[in-house]
Amino acid sequence: MIKLENVNKYFGDLHVLKDVNLEVKEGEKLVIIGPSGSGKSTTVRCMNFLETPSSGHVYIDGEEMTSHNKIQLVRKTTSMVFQQFNLYPHMTVLKNLVLAPVKLHHKSREEAEELAYHYLDVVGLREKAHVYPTTLSGGQQQRIAIARALCMQTKIILFDEPTSALDPETIQEVLDVMIRLAKENITMVVVTHEMGFARQVADRVIFMADGQILEEGTPDAFFDHPKNERLKSFLGKIIRK
């Protein structure tokens, strides 16, 4: 479903991604972990060309992404949930959810609202349809952002540290929604520091540092028998926290 082939990314002289090769199968739940500045978010943002690779190739559902087809290909296949919720504050929750299906996928207003209410039920916030995002807690806003991504009905959802902007009390309500989603046949790529979530949900976990993938494996092998010394050190610090 997703393939990165020898992907490099520079920001000026800073070499952020170094020959990253990665494949994600249809329906797979891939979790990416690593220290800050390791290239995790940039890797995910290269998957939908929010960041254009400096070199290398990105394939989505078998089709190579280029500067010419990126908008059409991303709209068709991929949605994203960001660290910051990026909801339109001047629009109600319902209007936030129906905007893209109507404008981008040309659904009727009625059809888009039906989708919106369905996914508000999925994230447990139907009663918030007619309020404005600023009246909601951070956890509620992120659940609305997940519902918005689901309204696009794409095969792939990318999550870039979706709980990092939340206070500890609201993190779990967002993770619970993502855990439920993981049971669906959606391809999920999640950048996170939530190790419990990674162990529970991931089919595969990847550890990145210094712009490279240093280790990958199933959650049990990854967390119980890490091989890479950098990963052992990282896990020791994270789990102690």
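Scroll up for the structure.
Keep in mind that this is a model prediction, so the values were computed, not measured.

### With respect to the packing of helix α5 (residues 138–151) against helix α6 (residues 168–181)
No. 1: At a minimum axis distance of 8 Å, the contact between α5 and α6 shows a crossing angle of 20°. When the axis of α5 is compared with that of α6, the two are roughly parallel. Every pair of crossing elements has a handedness; the one defined by α5 and α6 is right-handed. Every residue of α6 that contacts α5 at Gly139, Gln140, Gln142, Arg143, Ile146 and Leu150 is listed here: Thr170, Glu173, Val174, Val177, Met178 and Leu181.
No. 2: Taken together, the residues of the contact of α5 with α6 sort by class into six nonpolar, four polar and two charged.

### Concerning the nonpolar core
No. 1: Grouped together as the largest cluster of nonpolar side chains are 54 residues, with contacts concentrated most on Ile33, Ile146 and Phe159.
No. 2: Sequence-distant contacts of Phe159, that is, excluding residues within four places in its chain, are made with Val81, Ile146, Met178, Leu181, Met188, Val189, Val190 and Val191.

### Re the environment of Val74
No. 1: With respect to the helices, strands and loops of the structure, Val74 is situated in helix α2 (residues 70–77).
No. 2: In this structure Val74 comes out as buried when scored by relative accessible area, which is 16%.
No. 3: Val74 sits 48 residues away from Glu26 along the chain, and the two C-alpha atoms are 16 Å apart.
No. 4: Beyond its immediate chain neighbours, meaning those up to four positions away, Val74 contacts Asn48 and Met65.

### Digging into the pattern of salt bridges
No. 1: Applying the stated criterion across every chain, the model contains 15 salt bridges.
No. 2: Lys3 is the partner of Glu5 in a salt bridge, and the nearest nitrogen-oxygen pair spans 3.4 Å.
No. 3: For Lys3, a relative accessible area of 29% puts it in the partly exposed group.
No. 4: A salt bridge links Arg109 to Glu113, with the shortest nitrogen-to-oxygen separation between them at 2.9 Å. Of this pair, Arg109 and Glu113 both sit in helix α4 (residues 109–122), four residues apart, which is roughly one turn of the helix.
No. 5: Residue Glu113 is classed as partly exposed on the basis of its relative accessible area, which comes to 24%.
No. 6: Members of the salt-bridge network, linked through shared partners, are Lys9, Arg45 and Glu51.

### Quick look at the side chain of Thr187
No. 1: Position of Thr187 relative to the elements: it lies in strand β8 (residues 187–191).
No. 2: The exposure class of Thr187 is buried, given its relative accessible area of 1%.
No. 3: Of note is the side chain of Thr187, whose polar atom sits 2.8 Å from the backbone nitrogen of Gly27.
No. 4: With residues up to four places along the chain from it excluded, the contact list for Thr187 reads Met1, Val24, Lys25, Glu26, Gly27, Glu28, Lys155, Ile156 and Ile157.

The rules behind the values
Residues numbered from 1 in each chain as written. Predicted model: local features only at pLDDT ≥ 70, side-chain atom pairs only at ≥ 80, totals over all residues. Heavy atoms only, no water. Axes fitted to C-alpha atoms, helices over the stretch in contact; angles between N-to-C directions. Helix = DSSP H or I, 4+ residues; strand = E, 2+ residues; numbered from the N terminus. Parallel < 35°, antiparallel > 145°, perpendicular 65-115°, else oblique. Left-handed = near helix turned anticlockwise from the far one by under 90°. Contact = heavy atoms within 4.5 Å. Nonpolar A, V, L, I, M, F, W, Y, C, P; charged D, E, K, R; others polar. Core = buried A, V, L, I, M, F, W, Y, C linked by side-chain atoms within 4.5 Å. Buried < 20%, exposed > 50% of the residue type's maximum accessible area, 1.4 Å probe, protein only. Salt bridge = Lys/Arg side-chain N within 4 Å of Asp/Glu carboxyl O. Polar contact = N/O pair within 3.5 Å; in protein donor to acceptor, adjacent residues only side chain to side chain.

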